[in-house]
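Letter by letter, the chains look like this.
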Amino acid sequence: MNCACNPVQNGNRTLRVLGETRRHPCFSAGAGHKYARIHLPVAPRCNISCNYCNRKFDCLHESRPGVTSEILSPASAGEKYSFVKDRVEKLSVVGIAGPGEALANWDETRSTIEIIKKSDPDVIFCLSTNGLMLPDYAGRLVELGVRHVTVTVNCLEPVIGEKIYKYVDYQGKRYHGAEGAAILIANQQAGIKCLTAQGVVVKVNIVMIKGINDSHIPEIVKKVKEQGVFITNIMPLIPARGSAFEYMPQTPMKEVNKMRNICRGDLRQMYHCTQCRADAIGLLGEDRSLEFRGLWGKQEVLPPVEKLVNKEAI
Ligand code: CLF
Ligand code: SF4
């Protein structure tokens, strides 16, 4: 699918965006110990089904399995942000990373960003997505002021994708197997190009699944480099209880780091990801989310994830 974005001249990143990247704890290794981020869990629904996902938990593209999050309305998310901002030093980034897919909850995602932008125009917005709806939303994300996006790309071939994705819901229809994977892959690639052409700094997360996509990872890294991606984050498969991959082996960090070392000749690699939760707060590796639970504003908390997501996807 082609996107209808307006590329900036030469796709140049502005000085402002580069300054933001230096203050982003995930995109810059040097910022990881200095700057904090807050994830606002406003996005419960998802539009695909990954075999490593159990939808009772957070999206594994940006978190570890077994950690459920509260779900917030945009208004509560805005209140929580203001409350936390006054109490956490150097809070530079607001991330929307689930617990489902940010772009499958567009109204909530957009409204949350708009509310926070009004109270703090200098905060950096960051969004994590499976990429299915990126060609439709890339332009709108840019208009909203989002300049840092993470897309999870686990493969470039539908024959590999059919082993990773159970189905893809797209334009009112459910696609299974290689057919669904082909749509997802095409949209991820088109969406990434659309973002980088508009000066957005893109990180690609890759879940390394032994025997399925591990030998294919260097090819993914090379491809996304061509598309202007800034950094890749190769992550281990951590089998989630109740998922189709429940009994697959967890990918050892030694092998993940070996793969990162192979790929770093092609593109900058992230070594400091802590696989945080969809409601994480603070410095990477020093999560303070429990400290702030239910402590702000009206304490309006929506029902748990499993009550809000498509039952078939659980
Ligand atoms: Fe959050 Fe992700 Fe933005 Fe960071 S996390 S949406 S890019 S602000 Fe960071 Fe956490 Fe790793 Fe993600 S350590 S799981 S890479
Ligand atoms: Fe994330 Fe959706 Fe995949 Fe689950 S199915 S890991 S929520 S993209």
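Residues numbered from 1 in each chain as written. Chains lettered and ligands numbered in written order. Predicted model: local features only at pLDDT ≥ 70, side-chain atom pairs only at ≥ 80, totals over all residues. Heavy atoms only, no water.

Bringing the site of ligand 2 into the picture now. Every residue lining ligand 2 is accounted for by Cys46, Ile48, Ser49, Cys50, Tyr52, Cys53, Arg55, Cys59, Leu60, His61, Gly100 and Asn130. Residue composition of the shell around ligand 2, grouped by class: 7 nonpolar, 4 polar and 1 charged. (Near = heavy atom within 4 Å. Nonpolar A, V, L, I, M, F, W, Y, C, P; charged D, E, K, R; others polar.)

It is worth spelling out the sheet that holds strand β8 (residues 173-176) at this point. The antiparallel open sheet is built from 3 strands, whose spatial order is β2-β7-β8. Where the open sheet ends on each side, the last strands, each with one partner, are β2 (48-50) and β8. Averaged over neighbouring strand pairs, the angle between their axes works out to 20° when direction is ignored. With 4 bridges joining them, strand β7 (residues 165-170) and β8 adopt antiparallel strand pairing. Bridge pairing in β8 places Tyr170 opposite Lys173. Strands in contact with helix α6 (residues 177-197) are β2, β7 and β8; relative to β7, the strand with the most contacts, it is inclined by about 60°. (Pairing = 2+ DSSP bridges. Helix = DSSP H or I, 4+ residues; strand = E, 2+ residues; numbered from the N terminus. Axes fitted to C-alpha atoms, helices over the stretch in contact; angles between N-to-C directions. Contact = heavy atoms within 4.5 Å.)

Here we come to the pattern of salt bridges. All told, the structure shown has 8 salt bridges when counted by the stated rule. Ionic pairing is found between Glu114 and Arg110, a salt bridge with its closest N-O pair at 3.4 Å. With a gap of 4 residues between them, Glu114 and Arg110 both fall in helix α3 (residues 106-119), about one helical turn apart. On the basis of relative accessible area, Glu114 is assigned to the partly exposed category, the value being 33%. According to the relative accessible area criterion, Arg110 is partly exposed, its value standing at 27%. Linking Arg174 and Asp169 is a salt bridge whose minimum nitrogen-to-oxygen distance equals 2.7 Å. Under the relative-accessibility criterion, Arg174 is labelled partly exposed at 25%. (Salt bridge = Lys/Arg side-chain N within 4 Å of Asp/Glu carboxyl O. Buried < 20%, exposed > 50% of the residue type's maximum accessible area, 1.4 Å probe, protein only.)

Residues in contact with ligand 1 amount to 17 residues; listed here are only the nearest, Cys26, His39, Glu62, Cys126 and Cys276. A class-by-class count of the residues in the shell around ligand 1 yields 9 nonpolar, 6 polar and 2 charged.

This brings us to the packing of α3 against helix α4 (residues 134-144). Interaxial distance between α3 and α4 falls to 11 Å at its minimum, and their mutual angle equals 15°. Here α3 lies roughly parallel to α4, going by the angle between them. In this structure, α3 crosses over α4, and the sense of that crossing is right-handed. For the pair α3 and α4, the contacting residues are Trp106, Arg110, Ile113, Glu114 and Lys117 in the first and Tyr137, Arg140, Leu141, Glu143 and Leu144 in the second. The class makeup of the residues in the contact of α3 with α4 is 5 nonpolar, no polar and 5 charged. (Parallel < 35°, antiparallel > 145°, perpendicular 65-115°, else oblique. Left-handed = near helix turned anticlockwise from the far one by under 90°.)

Once that is clear, we can look at helix α1 (residues 15-22). The set of residues buried in α1 consists of Val17, Glu20 and Thr21. Looking straight down α1, one finds that the buried residues subtend no more than 100° of arc, so they occupy a single side. In α1, those exposed residues whose orientation departs by more than 90 degrees from the buried face are Leu15, Arg16 and Arg22. Summarising the contacts, the buried residues of α1 are in contact with β5 (124-129), β6 (148-152) and β9 (201-208). (Arc of directions from axis to C-beta.)

What the 7 strands build is an open sheet, ordered β10-β9-β6-β5-β4-β1-β11; its pairing is mixed. Of all strands in the sheet, those bounded by a partner on one side alone are β10 (231-236) and β11 (281-282). For strand β1 (residues 36-39) and strand β4 (residues 91-96), the ladder comprises 4 bridges, and the chain directions are parallel. Directly across from Ile38, in β4, lies its bridge partner Val94. Lying over the sheet, α1 contacts β5, β6 and β9, oriented at roughly 65° with respect to β6. Docked against the sheet, helix α8 (residues 253-263) engages β9 and β10, running at close to 160° with respect to β10.

Right, let's get into the packing of aromatic side chains. This model, assessed by the stated rule, comprises 3 aromatic pairs. With a centroid separation of 6.4 Å and 25° between ring planes, the pair formed by Phe27 and Phe230 is classed as stacked. Of this pair, Phe27 sits in the loop between α1 and β1 while Phe230 is found in the loop between α7 (217-226) and β10, placing the two residues 203 residues apart along the sequence. The two residues Phe27 and Phe230 agree in class, both being buried. An angle of 35° between the planes, with centres 4.6 Å apart, marks the rings of Trp106 and Tyr137 as tilted. With a gap of 31 residues between them, Trp106 in helix α3 and Tyr137 in helix α4 connect regions that are remote in the sequence. You can call Trp106 buried: its relative accessible area is 9%. A relative accessible area of 14% means that Tyr137 is categorised as buried. Sitting over the ring of Phe83, Arg87 keeps its end group 3.7 Å from the ring centre. (Phe/Tyr/Trp six-rings, centres within 6.5 Å; stacked < 30°, edge-to-face > 60°. Lys NZ or Arg CZ within 6 Å of the ring centre and 35° of its normal.)

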